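What follows is the residue order along each chain.
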Amino acid sequence: METSLLSLRYYISLLFSFCFLFTPSSASILPIGIHPLDENYFASHLIKCKDGSKSFTRDRINDNFCDCPDGTDEPGTSACPAGKFYCMNAGSTPQFLFSSRVNDHFCDCCDGSDENDGTFVCPNTCVRGGNIEYKTMDYGSTTSDLGSIDAKETQNGVYLQDSIQKLKGLKVVIFLQAAVLFSLVVAFWLFRRRIRSRRRQYSL
């Protein structure tokens with residue numbers, strides 16, 4: 001019995017050592033919400049905001065404090081109103097979301113990556129083969145997204161588009177809730193009708 005416990009401990013420690021050996025280092029992991037083509041842009045220790053206004057260090061990425069007015073430093077949080085979040089959606093079509101939709105307890109990305117604070121869990125609902133459109137589109141680098149547009153105009157457009165997207169999502173949720181409520185009412189009515197018919201049969 002003792003030798004089997006020792007061998008079990010040996011195999012468990014061996015398994016953990018292999019896990020640590022083959023785990024990639026944190027320096028090579030792309031921060032959440034960043035487009036893969038921007039990996040080199042965020043690789044240096046000192047990073048400049050995409051609008052050129054400020055610079056920040058790599059450890060300030062996704063720290064939930066907006067250092068750049070354009071949201072360059074907060075792609076994975078909702079701290080910057082003008083920020084964009086990149087959904088990788090592996091197996092489906094990748095997309096950009098407004099940063100205000102990150103950690104809002106509503107699953108916007110099919111891979112659930114937009115809900116990353118641990119308070120809300122989204123299942124991965126991505127469908128294989130849905131990225132054909134993405135392969136044909138040329139995204140290029142997103143470093144010049146807001147370069148020539150007036151910042152105030154962009155911010156107002158962001159708020160308007162974000163509100164429209166949230167209203168569309170809310171409309172779907174309300175429709176689904178109404179459908180569930182209607183089906184419950186119909187099920188209750190059928191159940192009551194069935195009970196009444198059984199009572200009539202027993203009374204005869």
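The rules we used
- Residues numbered from 1 in each chain as written.
- Predicted model: local features only at pLDDT ≥ 70, side-chain atom pairs only at ≥ 80, totals over all residues.
- Heavy atoms only, no water.
- Helix = DSSP H or I, 4+ residues; strand = E, 2+ residues; numbered from the N terminus.
- Buried < 20%, exposed > 50% of the residue type's maximum accessible area, 1.4 Å probe, protein only.
- Polar contact = N/O pair within 3.5 Å; in protein donor to acceptor, adjacent residues only side chain to side chain.
- Salt bridge = Lys/Arg side-chain N within 4 Å of Asp/Glu carboxyl O.
- Phe/Tyr/Trp six-rings, centres within 6.5 Å; stacked < 30°, edge-to-face > 60°.
- Core = buried A, V, L, I, M, F, W, Y, C linked by side-chain atoms within 4.5 Å.
- Disulfide = S-S within 2.5 Å.

Asker: An account of the environment of Y41 is needed here, citing residue identities and associated values.
Answerer: When you line up the elements, Y41 lands in the loop between helix 1 (2-21) and strand 1 (46-48). Owing to a relative accessible area of 26%, Y41 belongs among the partly exposed residues under this scheme. For Y41, the side chain forms a polar contact with the main-chain oxygen of K48, separated by 2.4 Å.

Asker: I'd love a proper account of the pattern of salt bridges, names of residues and values included.
Answerer: Under the counting rule described, the total for this entry stands at 3 salt bridges. The partner of D67 in a salt bridge is R60, with the nearest N and O atoms 4.0 Å apart. As a salt-bridge pair, D108 and R101 come within 3.0 Å of each other at their nearest N and O atoms. Judged by relative accessible area, R101 falls into the buried class, the value being 8%.

Asker: I'd love a proper account of unusual backbone geometry, names of residues and values included.
Answerer: Backbone phi values are negative for most residues with the exception of glycine, while trans is the configuration of most peptide bonds. In this model, N64 sits at a positive phi of 70 degrees, which is unusual for a non-glycine residue. With respect to the helices and strands, the residue N64 is situated in the loop between strand 2 (55-57) and strand 3 (84-87). With phi around 50 degrees, N89 is a residue other than glycine that occupies positive phi space. Considering the arrangement of structural elements, one finds N89 in the loop between strand 3 and strand 4 (95-98).

Asker: Tell me about the packing of aromatic side chains, and please be specific about residues and values.
Answerer: Counting across every chain of the model gives 2 aromatic pairs. With centroids separated by 5.3 Å and ring planes inclined at 75 degrees, the aromatic side chains of Y41 and F42 adopt a geometry described as edge-to-face. Using a relative accessible area of 3% as the deciding quantity, one classes F42 as buried. Considering the side-chain rings of Y86 and F96, the 5.3 Å spacing of their centres and the 55 degrees angle between planes classify their relative orientation as tilted. With a gap of 10 residues between them, Y86 in strand 3 and F96 in strand 4 connect regions that are remote in the sequence. By relative accessible area, which is 5% here, Y86 ends up buried.

Asker: Give me the nonpolar core: which residues, what numbers.
Answerer: I34, F42, I47, C49, F56, I61 and C68 together form the largest nonpolar core, which totals 7 residues. One finds F85, C87, L97 and C109 within the second-largest nonpolar core, a separate group that totals 5 residues.

Asker: Give a detailed account of the state of the cysteines, specifying residues and quantitative values.
Answerer: Counting across every chain of the model gives 5 disulfides. The disulfide that involves C66 links it to C80, with 2.1 Å between the sulfurs. Disulfide C66-C80: the torsion about the S-S bond is 120 degrees, which places it as right-handed. Taken as a pair, C66 in the loop between strand 2 and strand 3 and C80 in the loop between strand 2 and strand 3 lie far apart in primary sequence, 14 residues in all. Look at C66 and you get partly exposed, because its relative accessible area is 26%. Looking at C80, the relative accessible area reads 0%, which means it is buried. Here C110 pairs with C126 through a disulfide, and the sulfurs are 2.1 Å apart. The S-S bond linking C110 to C126 shows a torsion near 90 degrees; that makes this disulfide right-handed.

This is a description of form; function is not addressed.
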